[in-house]
Amino acid sequence: MSENKKWHSLDLGLNKKKEASGACGCGKSQGSCNSQEEELSADEFYEAAINASIGDERQRDGFEQVFDVKMDRRTAFKKLTASLLIGAGAVSTSCSVVAGDDTKEKAQIDWEEQFKGNYKLMNDEEKQGTINRLMRSYELRTGKNISMTAENAEEDVLFGYAFNISKCQGYMDCVSACVEENNQDRNSQMQYIRIHEMKDGEGFKFDKADDNYYHEVPAEGHFYLGTQCFHCDNPPCVEVCPVQATWKEEDGLVVIDYDWCIGCRYCMAACPYDGRRFNWSKPEVPANEINKNQHYLGNRMRKKGVMEKCTFCVQRSRKGKNPACVDACPTGARIFGNLLDPNSTIRWVLENKKVFRLKEDLGTEPKFWYFMD
Amino acid sequence: MSQFKVLKSLVIDSLDTITKGSIKYHIWMGGLTLVMLIGMYCYFIQLDEGLSVTGMSDSVSWGLYISNFTFLVGVAAAAVMLVMPTYILKDIDFKQAVLIGEGLAVAALIMCLAFVVADMGGPSVLWHMIPGIGVFNFPNSMLTWDVIVLNVYLFINISIPFYILFRHYQGKEAMKKVYVPGAILSVFWAVAIHLVTAFLYQGLQARPFWNNALLGPRFLASAFAAGPALIILVLAVIRSFTAFRIEDRTIKKIALIVTVAAQINLIMLVSELFKEFYAPTHHSESAYYLFFGLHGKNALLPWIWTAIPLNVLATIMLTFGKLRNNLKVLYFCCFILFVAIWIEKGFGLIVPGFIPGPYGKIVEYLPTGIEIGVTLGIWALGAFVFTILAKTAIGIELGELRYKDKNSSAS
Ligand code: SF4
Ligand code: SF4
């Protein structure tokens, strides 16, 4: 690739001739070799996390917890502002005789959460801290447990996606699998994936396509094409965010810290692919439908007034599994994998099919390709 | 220390002036307060239920708030058109008008910030944007640039008139070498706030309607028409309700500025229309939607077809010196020009940027009652702030407000 490029271009390391990362040679398209082991450890880890987070704090009262937290980069500020802003409230909670331990703990968690830093800049310990708090807070509020993880990107992994237009029949199983997997708001019927139904022989006429059909599929004389966030390699949405609440991870996933987002919706205006969704009101998911295997950057519960979008199911993909849409697709139209792994299916598709991407002229370099049989 | 005493007495005196006035004044302020309260009530509903109470959606994700924000940045920037001749070209004529203009800029900026906050999904975590405490994505995000330039501009526009009034309050002359550098800076700054705000939209490759090189310059031209037009109207009101003397000459000079800016604006409009409609491409769809509607969806037609004729009419009338010099006609022209540009630079600019969506989907936008309530509330807030500023300034300039202290004789 030329040294002085005028615009950004995706580097798959094809010229680097690096050996496949030795850890796993099974190719990730069929679920992964280490997924089971990971799942087990998630539970164990969860136990450990609960112990770590509240084990020795159970004996202390809320006031002590608040003023006894370990000093870190942000603590100085936290204490200052927090005590100024909601100090009064918390002190009254801690001093109150009637308030139970739970109430105090809840107050402390809320406090810490309100003034924590940007996830992007946290070290592993801080990340662990915040997911522990979030899990505990969920338990305190609902009496139920969730498992939340904070796996970081693995080395030598760059996730990519390919969509086979010839195979897709418009069943939309991917859409419902996505909604269930990612705990999307049921009230507003938020969906990350859109399936565009287009007429044969007219080419890609997105403006004439129907992405909200309710008839039997596949409809005669139509073909289907799915869109979602394309995890651009040069994402305009990331550039514009005033607070770096959204960014590109090492493995190519474009993610959002829901707790850091201020809800300005600038990223939404900047995305050329309709990839982002906003929580216009408080998102609601029936308690029995909540997916409890969560990742901080992925499908954990959102709040109103923040942005969210497809994360290639970070909670699954970083455990070596396929995103929910890939597994749900009955036709095999969806292919997901590690672009840096020469043995992966996605690499085979890129090398052997005539692939293209949408709006390539914008220089966003999506990691989402389309192809036909 | 003595400065603090003066300041304290200034605050007390100005509180005194702004709470006293004619019946009409009290009705005006009372009315504004009422509208502000209604706006606040609407805002609380919005805080409680989320932005779903507005007409915005995933397709049209910015609406009335951001439209007004954009327009008001222009109004704020327009104060510069009066500052320049007064301070730098030494055109004494404008001196009175400048204080009013800068007061207007302050009020407009406060409204801008209020509109931005009203538009946020999470106002409680706005501290994430404070440099040093939060994470400020500078220089990548144009929004951070905008936050910086707007706040600095606000600071400049508060400090210059404050310094002048503070000196006058003590019966002293304001020293030129103190405020002129600030005034010159504010001239450049006004252009900056406008260009940066335009770049906010212009830099998005996802929205072809905004992603054109003319957006910034057109912003400037329309702002320098709408802003001074508003100043003329305000001066007219002040002239008839207070003893503050504003000469016809001043108003006519400002009218000239409005005229030239409106003419340039019109030329750019023609250029824009030519590009969109002579050889239409996919990227012209938004313009088609704005001017003619698309696939039977035409919510913006009544708006834009009000704005364009008003704009053209006002510009033509202003162009003829005879008409322009007739104050009654001038006020009328200024009013319709102001309305026209409010529509064009607000609604007509922001909403079509989102329509059709990235995949050609057309979802229309209409503001809801709550949104309109909040918007009116913020406008009332602006008017309220401006009235207070103007009343104090006028009091000081007329010599009604003076610092009385026996110990310190004027030095
Ligand atoms: S598709 Fe849109 S949201 Fe996703 S990375 Fe690209 S620009 Fe960002
Ligand atoms: S809505 Fe959130 S993620 Fe998007 S630009 Fe604003 S702060 Fe960043």
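Conventions adopted
Residues numbered from 1 in each chain as written. Chains lettered and ligands numbered in written order. Predicted model: local features only at pLDDT ≥ 70, side-chain atom pairs only at ≥ 80, totals over all residues. Heavy atoms only, no water. Helix = DSSP H or I, 4+ residues; strand = E, 2+ residues; numbered from the N terminus. Rg over C-alpha atoms; globule rule 2.2 N^0.38 Å. Buried < 20%, exposed > 50% of the residue type's maximum accessible area, 1.4 Å probe, protein only. Contact = heavy atoms within 4.5 Å. Areas by Shrake-Rupley, 256 points an atom, 1.4 Å probe, with all protein chains shown as cover. Lys, Arg positive; Asp, Glu negative; His and termini not counted. Charge placed at Lys NZ, Arg CZ, Asp CG, Glu CD. Salt bridge = Lys/Arg side-chain N within 4 Å of Asp/Glu carboxyl O. Pairing = 2+ DSSP bridges. Axes fitted to C-alpha atoms, helices over the stretch in contact; angles between N-to-C directions. Near = heavy atom within 4 Å. Nonpolar A, V, L, I, M, F, W, Y, C, P; charged D, E, K, R; others polar. 1 Å grid on protein atoms, 1.4 Å probe; cavity = no way out; pocket = protein on both sides within 12 Å on 5 of 7 lines; lining within 4 Å. Points joined across faces, edges and corners; volume = space filled by probe spheres on them. Parallel < 35°, antiparallel > 145°, perpendicular 65-115°, else oblique. Left-handed = near helix turned anticlockwise from the far one by under 90°. Domains from an automatic or database assignment. Buried area = accessible area lost by both parts, 1.4 Å probe. Polar contact = N/O pair within 3.5 Å; in protein donor to acceptor, adjacent residues only side chain to side chain. pLDDT = per-residue confidence, 0-100. Core = buried A, V, L, I, M, F, W, Y, C linked by side-chain atoms within 4.5 Å. Phe/Tyr/Trp six-rings, centres within 6.5 Å; stacked < 30°, edge-to-face > 60°. Lys NZ or Arg CZ within 6 Å of the ring centre and 35° of its normal.

Colleague: What's the story with the overall build of chain B in this structure? I'm lost.
Modeller: Looking only at helices and strands, chain B has 14 helices and zero strands in total. For chain B, the α and β elements follow one another from N to C terminus as α-α-α-α-α-α-α-α-α-α-α-α-α-α. Against the compact-globule benchmark of 22 Å for 411 residues, chain B has a radius of gyration of 22 Å, which places it among compact chains. Considering only C-alpha atoms, chain B reaches an extent of 75 × 55 × 45 Å along its principal axes. Looking at chain B as a whole, 56% of its 411 residues qualify as buried. Counting only contacts in chain B whose residues sit at least 6 apart along the sequence, the fraction spanning at least 24 positions is 75%. For chain B, the accessible surface area stands at approximately 17600 Å², while carbon and sulfur atoms represent 72% of it. Here chain B carries 28 positive and 22 negative side-chain charges, and the mean point of each set is 11 Å from the other.

Colleague: Teacher, can you tell me more about the overall build of chain A here?
Modeller: Counting its secondary structure elements, chain A contains eleven helices and eleven strands. The buried share of chain A, reckoned over its 373 residues, is 56%. Counting contacts in chain A only where the partners sit at least 6 residues apart, residues at least 24 apart contribute 68% of the total.

Colleague: Would you mind going over the pattern of salt bridges with me for this structure?
Modeller: As a working rule, side chains carrying opposite charge can pair if their charged atoms are close by. A complete count under the given rule lists 34 salt bridges over all chains for this structure. Note that E113 of chain A is salt-bridged to K116 of chain A, the shortest N-O span being 2.7 Å. With a shortest N-O distance of 3.9 Å, R249 of chain B and E247 of chain B are connected by a salt bridge. The class of E247 of chain B is partly exposed, set by a relative accessible area of 36%. One salt-bridge network, in which partners are shared between bridges, spans E112, E113, K116, R133, D257, D259, R300 and K303 of chain A.

Colleague: I would appreciate a short explanation of the sheet that holds strand β11 (residues 368-371) of chain A in the present structure.
Modeller: Each strand in a sheet pairs with another by means of backbone hydrogen bonds, the pair being arranged parallel or else antiparallel. All names here are of chain A. Taken together, the three strands give an open sheet; going across it, the order is β10-β2-β11, and neighbouring strands pair in mixed fashion. In this open sheet, the two strands that pair with only one neighbour each are β10 (334-338) and β11. Averaged over all adjacent pairs, the angle separating strand axes in this sheet is 20°, with direction ignored. Pairing of strand β2 (residues 159-164) with β11, which is carried by four bridges, proceeds in the parallel orientation.

Colleague: Help me out: how do you make sense of helix α10 (residues 285-292) of chain B in this one?
Modeller: Residue pairs spaced three or four apart in an α-helix point in one direction, given the helix's 3.6 residues per turn. Residues and elements named next belong to chain B. Where burial is concerned, most of α10 is hidden: six out of the eight residues are buried. Buried residues of α10: E285, S286, A287, Y289, L290 and F291, and no others. Count one or two residues on from α10 and you reach G293, which has phi positive near 85°.

Colleague: What is the right way to read the site of ligand 1 from this model?
Modeller: Around ligand 1 there are 13 residues in total, and C229, F230, C232, C237 and C271 of chain A lie nearest to it. Of the residues that constitute the shell around ligand 1, the class distribution is ten nonpolar, one polar and two charged.

Colleague: Help me out: how do you make sense of empty space enclosed by the protein in this one?
Modeller: To find leftover empty space, one rolls a probe the size of a water molecule over the atoms. All names here are of chain B. Under the criterion given, the structure shown has nine cavities of 30 Å³ or more. Taken as a whole, the largest cavity holds about 190 Å³ of empty space. In terms of lining, the largest cavity is formed by 16 residues, of which the most central are F209, R218, E272, L290 and G348. Those elements giving two or more residues to the lining of the largest cavity turn out to be α8 (215-241), α9 (248-278), α10 and α13 (327-354).

Colleague: In this structure, what is going on with the packing of helix α3 (residues 64-77) of chain B against helix α14 (residues 369-397) of chain B? I would like to understand it.
Modeller: Between two packed helices, the angle of one axis relative to the other and the distance separating the axes together describe the packing. Residues and elements named next belong to chain B. Look at α3 against α14: their axes get within 10 Å of each other, and the N-to-C directions meet at 25°. As judged from the angle between their axes, α3 and α14 are roughly parallel. As for how α3 packs across α14, the hand of that crossing is right-handed. For the pair α3 and α14, the contacting residues are L64, Y65, N68, F71 and L72 in the first and I370, E371, I372, V374, T375 and W379 in the second. Taken together, the residues of the contact of α3 with α14 break down into eight nonpolar, two polar and one charged.

Colleague: I keep staring at the site of ligand 2 and nothing clicks. Help me out?
Modeller: Ligand 2 sits among C241, P242, V243, T246, C261, I262, G263, C264, R265, C267 and M307 of chain A. Of the residues contributing to the shell around ligand 2, the split by class is eight nonpolar, two polar and one charged.

Colleague: Can you walk me through the domain arrangement of chain A in this structure?
Modeller: Accessible area lost during the coming together of the parts is what is often quoted as the interface size. All names here are of chain A. The domains assigned to chain A are domain 1 (41-66), domain 2 (67-149) and domain 3 (159-371). Between domain 2 and domain 3, the contact holds 16 residues from the first and 17 residues from the second. Interface area, domain 2 with domain 3, both sides summed: about 1500 Å², of which 58% is carbon and sulfur. Our count for the domain 2 to domain 3 interface comes out at one salt bridge. Inspection of the region where domain 2 meets domain 3 yields ten residue pairs in polar contact (both at pLDDT 80 or more). Examining the composition of the side of domain 2 that touches domain 3, we find that four residues originate from one element, helix α5 (residues 124-142), more than from any other. A class-by-class count of the residues in the side of domain 2 that touches domain 3 yields six nonpolar, six polar and four charged.

Colleague: Please clarify how the confidence of the model for chain B should be interpreted in this entry.
Modeller: Low pLDDT marks regions whose predicted coordinates should not be analysed in detail. All names here are of chain B. Across chain B, pLDDT averages 89, with 95% of residues at or above 70. At the level of individual helices and strands, chain B shows its lowest average pLDDT in helix α4 (residues 80-88), which scores 68, and its highest in helix α2 (residues 23-49), which scores 95. On the interface metric, ipTM, the complex scores 0.90, and its pTM is 0.86.

Colleague: What is the right way to read the nonpolar core from this model?
Modeller: Buried together is how nonpolar side chains tend to be arranged in soluble globular proteins. W62, Y201 and W210 of chain B are the most contacted members of the largest nonpolar core, which totals 147 residues. Apart from residues lying up to four places away in sequence, W62 of chain B is in contact with C264, R265, Y266 and A269 of chain A together with M56, D119, Y201, W210, I350 and F354 of chain B. Residues C168, L253, L297 and F312 of chain A belong to the second largest nonpolar core, which totals 56 residues.

Colleague: When you look at the packing of aromatic side chains in this model, what are you seeing that I'm missing?
Modeller: For any pair of aromatic rings, the description rests on two quantities: the centre-to-centre distance and the angle between the ring planes. Residues and elements named next belong to chain A. By the definition in use, this model includes 45 aromatic pairs over all chains. Judged by centre distance (5.0 Å) and plane angle (20°), the rings of F159 and F336 are stacked. Taken together, the residues span a long stretch of sequence, with F159 in strand β2 and F336 in strand β10 at a distance of 177 residues. Accessibility expressed as a relative area gives 3% for F159, which makes it buried. Ring geometry for F204 and F356: centres 5.5 Å apart, planes at 45°, overall tilted. In this pair, F204 sits in the loop between β3 (194-199) and β4 (222-227) while F356 sits in the loop between α11 (345-352) and β11, placing the two residues 152 residues apart along the sequence. Seen from the ring of F278, R265 lies directly overhead, with NZ or CZ sitting 5.2 Å from the centre.

Colleague: Help me understand the interface of chain A and chain B in this model?
Modeller: Across the boundary between the two partners, chain A contributes 47 residues, which contact 44 residues of chain B. Taken together, both faces of the contact between chain A and chain B bury some 3800 Å²; the carbon and sulfur share is 57%. Sorting the residues of chain A by area buried against chain B places I262, Y266 and W280 of chain A first, and these three jointly supply 20% of that buried surface. Summed over the shared surface of chain A and chain B, the number is two salt bridges.

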